[in-house]
Amino acid sequence: MADKPVDESKYAGPVELKGNTLIVVLGASGDLAKKKTFPALFGLYRNGFLPNDIKIVGYARTKMDHEEYIKRVKSYIKTPIKEMEEQLGQFVGLCSYISGQYDQDEPFIHLRKHMEELEGDREERNRVFYMALPPSVFISVSEHLKRNCYPEKGITRLIVEKPFGKDLSSSRKLQKALEPIWKEDELFRIDHYLGKEMVKNILVLRFGNEFFGATWNRNHIHNVQISFKEPFGTEGRGGYFDEFGIIRDVMQNHLLQVLTLLAMERPMSFSAEDIRDEKVRVLRACPAVEPKNVIIGQYKKSLDGSKPGYKDDDTVPEDSRCPTFCAMACFIKNERWDGVPFILKAGKALNEQKTEIRIQFRDVTSGIFKDIPRNELVIRVQPNESVYIKMNSKQPGLSMNTVVTELDLTYRRRFSDLKIPEAYESLILDALKGDHSNFVRDDELDASWRIFTPLLHYLDEHEEITPMEYPYGSRGPLVLDEFTASYGYRFSDPKTYQWTQSASSNL
């Protein structure tokens, strides 16, 4: 599937589903539905964002009666106040459940009949299918849905969870299987990082502030870091994780999506296709990641012995070379960014929970200053959403000594009266509105896999390459700081500066 111009005829304008709508959650008994899908649907319901006559059907292989299913749905959702308990009771009244296999027509025919009973004599039957499923059943389920559950009249949307394949060829295979039966404007490939408030804010920060626009290029920016840290390991999910690893699980999708928003040119508008056109142009300007620009690691037991190593998980092969940590440098070969390293870092079992963008500007002109810290723009995606600029200022007093301080927008202080929606709430609402802006397009997916596939195959094929070990609860492999510094990143001295809103580190 070579690079190709966008076929505008494939993309209809957004159509919002305001009524006659039914949502089917496939994989309703699974972990994703439990942690994300149903809490998001309830959040939308209690805030009045679901269509008026919505019905929600769960579908999974697990056999259970209606009472057991409703009990499960209630257990998925935390209700800290009494008013929410009442709303939860109303919400579960909209829910029902069908059990069945994913590779047989008969249970999907049963699902269709159940949907028709719920829909009654509606002339238009709008259906949203949310596949909270493992990728091994994507194709089978999508085929059975189209054959047995696609309405004659109405709008149908299919929400597909990542991973979208394991490399370029498997991604194209999935695309080729979906393409004949589902139109591109019916497909919503969900990457939940695109629903996070601070990620969605990147476009406004960049293009709504002239002082950023004027300096957002290779002449002023020295390097960009995008970091993802989790303080826990695979926690019993090692068997699943070992099949993908941290590069496929986090970097090829979440972090690369953030990179495209940071690096893209100004779109013509906020429309979905204008935004995604510019993201694709960035990806096409990125060469494949070279192994020399990569380090990988795998966590071992914590130094105090209280936390297990990755291979201590019974579901992980004893000889696993799967990376649980990776740092890499990517480059963009265009006029704006040529020569600027984009350093992506992601890892499990690290010392803190944090996703952060750190844009380090070039040194000021030498002369009156012998050695002064660089300016940095830091965008904290999670937790404690914030944006701050590290700047130099005169230290109060009689001397001309300088001190590093910041211009700080911390969300929980500035917007204390507003609730930041969960990413899945935002994305499901976008799907109901028919807005593809924060979903991955087919050519975008193809371009992203082209960047990572050579590296993934190189690591898989060279058995002599083993991940560097790092202790559970550490910052990662010992060579991390040396690796980051090799691309010109200059660390702040924690003795002279630390962000006051949280215990900031230089990962």
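Nothing here was measured: the structure is a model prediction, and the numbers come from that model.

Q: How do you make sense of the overall build of the protein when you look at a structure like this?
A: Within the protein, the secondary structure is distributed over 15 helices and 16 strands. For the protein, whose C-alpha radius of gyration is 24 Å, the value lies close to the compact-globule estimate of 23 Å for 507 residues. The principal-axis extent of the C-alpha atoms belonging to the protein is close to 80 × 50 × 50 Å. A separation threshold of at least 6 residues defines the contact pool for the protein, and within that pool the share at least 24 residues apart is 78%. For the protein, the accessible area works out to roughly 23300 Å², and carbon and sulfur atoms hold 50% of it. With 71 positive and 76 negative side-chain charges, the protein shows a spacing of 3 Å between the two charge centroids.

Q: I would appreciate a short explanation of the nonpolar core in the present structure.
A: The nonpolar side chains of a soluble globular protein tend to be buried with one another. Of all hydrophobic cores here, the largest spans 142 residues; its most connected members are Leu26, Phe38, Phe91, Leu111, Leu145, Ile247 and Met328. For this core, the element with the most residues is helix 10 (residues 238-263), which contributes twelve residues. The residues touching Met328, leaving out its near neighbours within four places in the chain, are Ile247, Met251, Val289, Asn293, Val294, Phe342, Ile343, Leu344, Phe452, Leu455 and Phe483.

Q: Just checking my understanding: could you explain the confidence of the model for the protein for this structure?
A: Segments scoring low in pLDDT should not have their predicted coordinates read at a detailed level. The share of residues in the protein with pLDDT of 70 or more is 92%, and the mean pLDDT across the chain is 86. Throughout residues 502-507 the model reports pLDDT below 50, and contacts reaching past four residues in sequence, or to other chains, amount to 25 contacts.

Q: Any chance you could explain a nonpolar patch on the surface here in plain terms?
A: A contiguous nonpolar surface patch, about 300 Å² in accessible area, is contributed by Val364, Ile368 and Phe369. Topologically, Phe369 is positioned in the loop between strand 11 (354-361) and strand 12 (376-382). Taking relative accessible area as the criterion, Phe369 reaches 35% and is therefore assigned partly exposed.

Q: Is there a simple way to explain the layout of surface pockets in this structure?
A: Left-over empty space is what a probe sized like a water molecule reveals as it rolls over the atoms. Size it by volume and the second largest pocket reaches roughly 340 Å³. Considering the residues around the second largest pocket, the lining is formed by 18 residues, among which Asp242, Arg321, Cys322, Pro323 and Asp460 are closest to the centre. Within the residue set of the lining of the second largest pocket, elements represented by two or more residues are helix 10 and helix 14 (442-461). Looking at the lining of the second largest pocket, the element that brings in the most residues is helix 10, giving six residues. Tallied by class, the residues present in the lining of the second largest pocket amount to nine nonpolar, two polar and seven charged.

Q: Sorry if this is basic, but what is going on with the environment of Leu41 here?
A: Here Leu41 is to be found in helix 1 (residues 31-46). Take Leu41: its relative accessible area is 1%, and that puts it in the buried class. With 388 residues separating them along the chain, Leu41 and Leu429 place their C-alpha atoms 9.0 Å apart. In this structure, Leu41 is in contact with Ile23, Val25, Leu50, Ile56, Phe91 and Ile428, ignoring residues within four places of it in sequence.

Q: When you look at the sheet that holds strand 1 (residues 21-26) in this model, what are you seeing that I'm missing?
A: By definition, the strands of a sheet pair up through backbone hydrogen bonds, in either a parallel or an antiparallel sense. In spatial order, the strands read 3-2-1-4-5-6-15; together these seven strands make up an open sheet with mixed pairing. Looking at which strands have only one partner, the edges of the open sheet turn out to be strand 3 (95-99) and strand 15 (439-440).

Q: Is there a simple way to explain the pattern of salt bridges in this structure?
A: In total, this model carries 31 salt bridges according to the counting rule given. Here Arg72 makes a salt bridge to Glu68, at a shortest N to O gap of 3.5 Å. Linking Arg72 with Glu68, this pair stays in helix 2 (residues 66-76), spanning four residues, or about one helical turn. Where Arg112 meets Glu116, a salt bridge forms, and the shortest distance between an N and an O atom there is 3.8 Å. Taken as a pair, Arg112 and Glu116 lie in helix 4 (residues 105-119) at a separation of four residues, close to a single helical turn. Ionic contacts of the salt-bridge type, sharing partners, join the residues Lys229, Glu352, Lys354, Glu356, Arg358, Glu376, Arg380 and Lys390 into one network.

Cut-offs applied
- Residues numbered from 1 in each chain as written.
- Predicted model: local features only at pLDDT ≥ 70, side-chain atom pairs only at ≥ 80, totals over all residues.
- Heavy atoms only, no water.
- Helix = DSSP H or I, 4+ residues; strand = E, 2+ residues; numbered from the N terminus.
- Rg over C-alpha atoms; globule rule 2.2 N^0.38 Å.
- Contact = heavy atoms within 4.5 Å.
- Areas by Shrake-Rupley, 256 points an atom, 1.4 Å probe, with all protein chains shown as cover.
- Lys, Arg positive; Asp, Glu negative; His and termini not counted.
- Charge placed at Lys NZ, Arg CZ, Asp CG, Glu CD.
- Core = buried A, V, L, I, M, F, W, Y, C linked by side-chain atoms within 4.5 Å.
- Buried < 20%, exposed > 50% of the residue type's maximum accessible area, 1.4 Å probe, protein only.
- pLDDT = per-residue confidence, 0-100.
- Patch = residues over 30% accessible without salt bridge, like charges linked within 9 Å, V, L, I, M, F, W, Y side chains within 5 Å.
- Salt bridge = Lys/Arg side-chain N within 4 Å of Asp/Glu carboxyl O.
- 1 Å grid on protein atoms, 1.4 Å probe; cavity = no way out; pocket = protein on both sides within 12 Å on 5 of 7 lines; lining within 4 Å.
- Points joined across faces, edges and corners; volume = space filled by probe spheres on them.
- Nonpolar A, V, L, I, M, F, W, Y, C, P; charged D, E, K, R; others polar.
- Pairing = 2+ DSSP bridges.

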